[in-house]
Amino acid sequence: MDKVKEYIERNKNKFLEELFELLRIPSISAKSEHKKDIITCAELLKSHLEKQGFNNCEICKTKGNPIVYGEKIIDNKLPTVLVYGHYDVQPTDPIELWNSAPFEPIIKKTSIHPEGAIFARGACDDKGQMFMHIKAFEILNNNGGFPCNIKIMIEGEEEIGSDNLEIFIEKNKRKLECDIILVSDTGMIDKKTPSITIGLRGMTYMELELTGPNRDLHSGHYGGSVINPINELSRIINLLHDNEKKITIPGFYDEVIEYSDFERKKMGSIPFSEIEYAKSVGITNPSGENGYTSIERRSIRPCLDVNGIWGGYTEEGSKTVIPSKAYAKISMRLVPNQRWKKISQLFSNYIKKIASPNVTVKVSEHHGGEPYLTSTESKAYKSASKAYEDVFKKEPIPTKDGGSIPIIAQFEKILKSKTILMGFGLDSDAIHSPNEHYGISNFLNGIETITKFYYNYTK
Ligand code: BES
Ligand code: MN
Ligand code: MN
């Protein structure tokens, strides 16, 4: 057994205990009541960086949640790797669907993880994955020291759009200068089929508020004679897709890259079963834009989804009412070369055009981010690929993921550096859902792969 594997084997219980401590902190960025937990989490991470000999460790204040930063500069002639991750997590609702408390991590066996998986909010997204890097640093330290310069930046607002991180990187361009950025916040195809993410979707997140009558009305007294904003909102939402499940917003597809038959065929050769895919989320058949496979629909094609819709009476029992207002939160996932600000404008124009003049429509923008694409030809990609091959005994497949990490495109624009997305999560990990978990073997293999990346990259 090599030294890296041996170190992991000897220290795995300690690694897990340390991760559990991190997972016990409810660092939910969407809710202001967790402000204190956010700070506790940032402080714990800073102490981990200090333990690994990082210099200039700081908790950098922002208008929102702080950014944890540390660096270890060995020699200016050596390359510099910047590691990025996030310590904030998604809210836990619906809490009643969790089989164990989200912030009391426990290990349970699953059919996919017979050796055990860690159940907790953030276990995979992204505390578990981000922590693999800190443990890789520990191994490097105990195995001859860092082979290159390393900087690390861990933010607390990824799940709410990274607005303050963008300001931070604009202000700290010099400090963050690097040759390559390394991120573990994505997934792989399955436990035995490693993959490296070379594409991420962008996004535009919007909110609609429709106002009909100036107050809630008796639905018998007025029903049938005045506009109901919830009925109208439903009609508008229904108009956003046509019968072929294409998005109807004029100009929406103008910049979308169309792939050649050759490239689509290559995507089709990734091991994937449509029916198993549907079954894994409890539906009969996958569905989406006509003429595309599920893999294509969730990677190289854009989509539009209502994330939440509300208004009127939603409490126990029934109340006969025509509400004054109706609301919806709508996100669009974007692909190269769509631009999120342009899509936001097109969306807004179209909604205003199709809405009845009998409602007042307010369209507002939450956040957005550009899609990302990188090549498999770089030295860093090849170093990562070789590291996966060493650990998983299979060459990783380059894939495009459906999720978004908006800051990755901004890294390229502002810092002029590319990112390698070394993810180890699985679709079945239930990120953002109840019972999020992360396989222990994914965690340990991830640590080994990341460590080996450094040796390959600096060889
Ligand atoms: N780690 C995810 C993104 C992800 C998940 C990428 C799976 C690829 C595969 C990240 O934490 C996330 O959830 N991002 C948000 C974006 C954000 C602006 C709220 C997303 O994709 O919804
Ligand atoms: Mn994440
Ligand atoms: Mn997430």
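Presented here is an overview of the structure given in this document. From a predicted model like this one, the values you see are computed outputs, not experimental measurements.

About the cut-offs
Residues numbered from 1 in each chain as written. Chains lettered and ligands numbered in written order. Predicted model: local features only at pLDDT ≥ 70, side-chain atom pairs only at ≥ 80, totals over all residues. Heavy atoms only, no water. Donors = N, O, S within 2.8 Å, 3.2 Å for Na, K, Ca; no water. Tetrahedral: all angles 85-135°; square planar, octahedral: opposite > 155°, others 65-115°. Helix = DSSP H or I, 4+ residues; strand = E, 2+ residues; numbered from the N terminus. Buried < 20%, exposed > 50% of the residue type's maximum accessible area, 1.4 Å probe, protein only. Pairing = 2+ DSSP bridges. Near = heavy atom within 4 Å. Polar contact = N/O pair within 3.5 Å; in protein donor to acceptor, adjacent residues only side chain to side chain. Areas by Shrake-Rupley, 256 points an atom, 1.4 Å probe, with all protein chains shown as cover. Nonpolar A, V, L, I, M, F, W, Y, C, P; charged D, E, K, R; others polar. Domains from an automatic or database assignment. Axes fitted to C-alpha atoms, helices over the stretch in contact; angles between N-to-C directions. Contact = heavy atoms within 4.5 Å. Phe/Tyr/Trp six-rings, centres within 6.5 Å; stacked < 30°, edge-to-face > 60°.

### Re the coordination of the manganese ion (ligand 2)
So, step 1. In this structure, His86 (NE2), Asp125 (OD), Asp185 (OD) and Asp185 (OD) serve as the protein donors to the manganese ion (ligand 2), at separations of 2.0 to 2.4 Å.
So, step 2. Metal-centred angles of 57 to 165 degrees between the six donor atoms at the manganese ion (ligand 2) mark the site as irregular.
So, step 3. Site description for the manganese ion (ligand 2): donor spacing in sequence, H-x38-D-x59-D.
So, step 4. The metal-metal distance between the manganese ion (ligand 2) and the manganese ion (ligand 3) comes to 3.6 Å, with aspartate 125 coordinating both. Taken together, the residues histidine 86 in strand E3 (residues 80–86) and aspartate 125 in the loop between strand E5 (117–119) and helix H3 (127–141) connect sequence positions 39 residues apart. The exposure classification of histidine 86 matches that of aspartate 125, with both residues buried.

### Concerning the pairing of strand E1 (residues 55–60)
So, step 1. Here four bridges tie E1 to strand E2 (residues 67–72), and the two strands are oriented antiparallel to one another. If you follow isoleucine 59 over to E2, its bridge partner there is valine 68.
So, step 2. The loop that links E1 with its antiparallel partner E2 comprises six residues.

### With respect to the coordination of the manganese ion (ligand 3)
So, step 1. The protein atoms donating to the manganese ion (ligand 3) are Asp125 (OD), Glu159 (OE), Glu159 (OE) and His432 (NE2), with metal-donor distances spanning 2.1 to 2.5 Å.
So, step 2. Geometry at the manganese ion (ligand 3) is irregular, judged from the six donor atoms that bind it and their angles of 56 to 155 degrees at the metal.

### Remarks on the site of ligand 1
So, step 1. Surveying the vicinity of ligand 1 reveals 16 residues, the closest of which are Glu158, Asp185, Arg333, Ser404 and His432.
So, step 2. A distance of 2.7 Å is found between an oxygen atom of ligand 1 and a side-chain nitrogen or oxygen belonging to glutamate 158.
So, step 3. Between ligand 1 and arginine 333 there is a distance of 2.7 Å, counted from an oxygen atom to a side-chain nitrogen or oxygen.
So, step 4. Burial of ligand 1 by the protein chains amounts to 88% of its free accessible area of 530 Å².
So, step 5. Across the shell around ligand 1, the residue classes tally to four nonpolar, six polar and six charged.
So, step 6. Taken domain by domain, the makeup of the shell around ligand 1 includes at least three residues from each of domain 1 (3–200 + 371–458) and domain 2 (202–256 + 302–368).

### Observations concerning the sheet that holds strand E4 (residues 106–108)
So, step 1. The three strands are arranged E4-E5-E18 in an open sheet whose pairing can be described as antiparallel. Single-partner strands in this sheet number two, and they are E4 and strand E18 (437–439). Each strand axis lies, on average, 30 degrees off the axis of its neighbour in the sheet, ignoring direction.
So, step 2. Pairing between E5 and E18: three bridges, direction antiparallel. Looking across to E18, one finds that phenylalanine 119 is bridged to histidine 437.
So, step 3. Where helix H1 (residues 3–23) meets the sheet, its contacts fall on E4 and E5, and the angle it forms with E5 comes to roughly 20 degrees.

### Considerations on the packing of aromatic side chains
For any pair of aromatic rings, the description rests on two quantities: the centre-to-centre distance and the angle between the ring planes.
So, step 1. Taken as a whole, this structure holds 15 aromatic pairs when the rule is applied.
So, step 2. Geometrically, the ring pair formed by phenylalanine 137 and phenylalanine 146 is tilted, given 5.6 Å between the ring centres and 50 degrees between the ring planes. For the residue pair phenylalanine 137 and phenylalanine 146, the accessibility class agrees, reading buried in each case.
So, step 3. Aromatic pair phenylalanine 392 and phenylalanine 424: ring centres 6.5 Å apart, planes at 15 degrees, arrangement stacked. Of the two residues, phenylalanine 392 sits in helix H10 (residues 379–392) while phenylalanine 424 sits in the loop between strand E17 (419–421) and E18, which places them 32 residues apart along the sequence. Both residues of the pair, phenylalanine 392 and phenylalanine 424, count as buried.
So, step 4. A connected cluster of aromatic rings, assembled from ring pairs, spans Phe54, Phe137, Phe146, Phe453, Tyr454 and Tyr457.

### Brief notes about the sheet that holds strand E9 (residues 202–211)
So, step 1. Read from one edge to the other, the open sheet built from four strands follows the order E11-E13-E9-E14, with strand pairing classed as antiparallel. Edge positions in the open sheet fall to strand E11 (303–311) and strand E14 (360–369), since each of these has one partner strand only. Averaged over all pairs of adjacent strands, the angle between their axes in this sheet comes to 15 degrees, without regard to strand direction.
So, step 2. Summarising the sheet, E11 and strand E13 (residues 325–334) pair through eight bridges and their orientation is antiparallel. The residue of E13 that forms the bridge with glycine 311 is alanine 326.
So, step 3. Sitting on the sheet, helix H5 (residues 229–239) touches E9, E11 and E13, and the angle it makes with E13 is about 15 degrees.
So, step 4. On the sheet, helix H9 (residues 340–354) packs against E9, E11, E13 and E14 and is oriented at approximately 165 degrees with respect to E14.

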